[in-house]
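Listed below are the residues making up each chain.
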Amino acid sequence: MSASALLPQTAPFGDDDRLSLDRVLSAASPLQRAWLAGFLAGIDASQTPLPIVDAPARAAEPLTILFASESGNAERLAQDVAKLAKKSGFKPKIIDCADLDIADLPNHSRLVVIAATWGEGEPPSRATRAYADLMGASAPRLEGITYAVLALGDTAYADFCGVGKAIDARLAELGAVRAVDRIDCDLDFEAPAVAWIKSTLETLAPDQSASDNVVAVDFSARSTTEVSREPLTAEVLEHINLNSSRSGKETIHLALGFEHGAPAYEPGDSLELFPENHPALIESVLAATGLSGEDALRASLTTERDITTLSLKTLEAFAAETGHADVRKLLEEGQARAWIEGRQLIDLVEAFPASLTAQQLTALTRPLPPRAYSIASSRKDVGDEAHLLIAAVRYETHGRARGGVASTFVADRLKAGASTRVRLKPNKHFRLPDPKTDIIMIGPGTGIAPFRAFAQERRAIGASGKSWLFFGDRRYTDDFLYQLEWQDALKDGSLSRIDLAFSRDTPQKVYVQHRLWEQRRDIIDWLDNGAQLYVCGDAKAMAKDVRAALVAAFADVKALSSDAAELAVTELERGRRYHQDVY
């Protein structure tokens, strides 16, 4: 096609000018030449592919995910939120409460908090300092911050999700704006947590129309919180009561073997053991509810449902399902919580008889959770085995003998040759340091379990660092767990020192914190030289008493004020040199 044929009728040329491009060019005026140059340039551009120019990528929106975790569930959920947030156009940052500087909180404009409640309304041990700072008078104002809180808890405790509730209220009090309503999750938290994460990220998500780098997320797809973590079947190789026959305690050493090799655990990790409810208790519950003939329900109550826990939520559900007047009265008069104390589901269904359907009874219970126990062995020493140390819990309340679901399952029914289901639960916050580093281990009772693993591991790798164990129990002759092993460890040098506290062997009870105080100068000297300190065992009293003793030791040995001594221990915690695995 000639250039002249392309000239539109509106071009500044006559009809004869269109006959020949040469004639057009030779006879064109300056105005015509300028017009023609632009026109032909446009023709050329329309027939040449335009270069693809990427729009500048919009910076991903920052999102801070703060977690307070004791057992690891809150931390795992925080990681799940981060993975999905990244796909939604965010730049996520995960912060452990142990590392949080409250003064820096105003710099986090979008905030997701996942907080567990420990025991009777307490924050997880690693979150204690940050929680106190947030609740304190010096906490900064948080105007301009948008936030959401996911709370984890256990309805068996009176202050269900108390820490998450308190954080939610405090953030609002400090001026932050709640983006979505808080969700309070029980032990079966995974499904509601996934739904909440979806809603929260959709609400907080950057403006999709303003950014080309946002990747759509299919929230209906399986998230990491839903990824199956199938239990392994283990055979009981050894079942030994480590207490003497004269002891009032029963502590089981359980050696487990695995057909296809032990899970890849490290010292400091735990195994979750899946227990079964006691057959006699199952039959009592079925009889009291008129469901003795329900074989499918019996099987479910054996391995899947928690038939011991009794909570205010259970009473409310029971009243709603049965309309039982006496239960309603307990609730209406505010006496329900006091009545629940020391009682279980069997007490409810026997005290307030009512016929239930299998579906109704199932709805009154929650999933039977596994129990986590610190692994008491190193694979470098025991190969494809894993050892646990489990104290049988037995007691009596309201005229009925009771026992811990998992601990009595192990003590009474999980004998050598039997099989059970377990699942690895890593604990990266309770790991051994460099082999050259000295360690101080404080673990009374079953708290000694991970330190047996530590000693085996350090012996196997030839660690040059010193190790010091504080152990305590009731009586030396009856309750010195793994006594011969510790004595051998002292002989071969894999254990440098041991201090013992047997509370019933002296007129005045002596505990591990008392031994720590007695050895305070050496303790501080070890810590000044880089030692790391580990505490495992009871959270309600022992762990707090040990920490208080350490604060007092700093104050005394270094002539510090109480505030300065507290700061010294806090610095150990923040520096990852004070580790706790408490329960």
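Let us look at the structure shown here. (Residues numbered from 1 in each chain as written. Predicted model: local features only at pLDDT ≥ 70, side-chain atom pairs only at ≥ 80, totals over all residues. Heavy atoms only, no water.)

1. Here we look at the packing of aromatic side chains
Here a ring pair, both rings aromatic, is described through the centre-centre distance and the interplanar angle of the planes. On inspection of all chains with the given rule, the structure shows 13 aromatic pairs. When the centroid spacing of 5.2 Å and the interplanar angle of 85 degrees are considered together, the rings of F454 and Y534 count as edge-to-face. Residue F454 is located in helix 17 (residues 449-461), and its partner Y534 is located in strand 20 (residues 532-537); the two are separated by 80 residues in the primary sequence. Both residues of the pair, F454 and Y534, belong to the buried class. Members of the aromatic cluster, connected to one another through ring pairs, are F430, F451, F454 and Y534. The residue whose ring lies beneath R452 is Y482, and the NZ or CZ to ring-centre distance is 4.4 Å. Here the basic side chain of R520 rests over the ring of W517, its NZ or CZ set 3.9 Å away from the ring centre. (Phe/Tyr/Trp six-rings, centres within 6.5 Å; stacked < 30°, edge-to-face > 60°. Helix = DSSP H or I, 4+ residues; strand = E, 2+ residues; numbered from the N terminus. Buried < 20%, exposed > 50% of the residue type's maximum accessible area, 1.4 Å probe, protein only. Lys NZ or Arg CZ within 6 Å of the ring centre and 35° of its normal.)

2. Some points on the pattern of salt bridges
For side chains of opposite charge, pairing can occur when their charged atoms come near one another. All told, the structure shown has 37 salt bridges when counted by the stated rule. The salt bridge partner of R400 is D347, with a shortest N-O separation of 3.6 Å. On the criterion of sequence distance, the pair formed by R400 in strand 15 (residues 400-403) and D347 in helix 13 (residues 345-351) is long-range, its members being 53 residues apart. A residue is classified by how much of its surface remains accessible, and D347, at 10% relative accessible area, is buried. Because the salt bridges share partners, they merge into one network encompassing D154, D186, D306 and R366. (Salt bridge = Lys/Arg side-chain N within 4 Å of Asp/Glu carboxyl O.)

3. So, empty space enclosed by the protein
Evaluated as defined, the whole model comprises three cavities of 30 Å³ or more. In this structure, the largest cavity encloses a volume near 70 Å³. Counting only elements with at least two residues in the lining of the largest cavity, the list comes to strand 1 (61-68) and helix 5 (128-135). No other element matches helix 5, which puts three residues into the lining of the largest cavity. Across the lining of the largest cavity, the residue classes tally to 11 nonpolar, no polar and no charged. (1 Å grid on protein atoms, 1.4 Å probe; cavity = no way out; pocket = protein on both sides within 12 Å on 5 of 7 lines; lining within 4 Å. Points joined across faces, edges and corners; volume = space filled by probe spheres on them. Nonpolar A, V, L, I, M, F, W, Y, C, P; charged D, E, K, R; others polar.)

4. Here's the deal with unusual backbone geometry
Residues other than glycine seldom take positive phi values, yet Y482 does so here, at roughly 60 degrees. With respect to the element layout, Y482 can be found in the loop between helix 18 (476-479) and helix 19 (483-492). With a phi angle near 60 degrees, R576 is a residue other than glycine that sits in the positive phi range. Relative to the helices and strands, R576 resides in the loop between helix 23 (562-574) and strand 21 (578-582).

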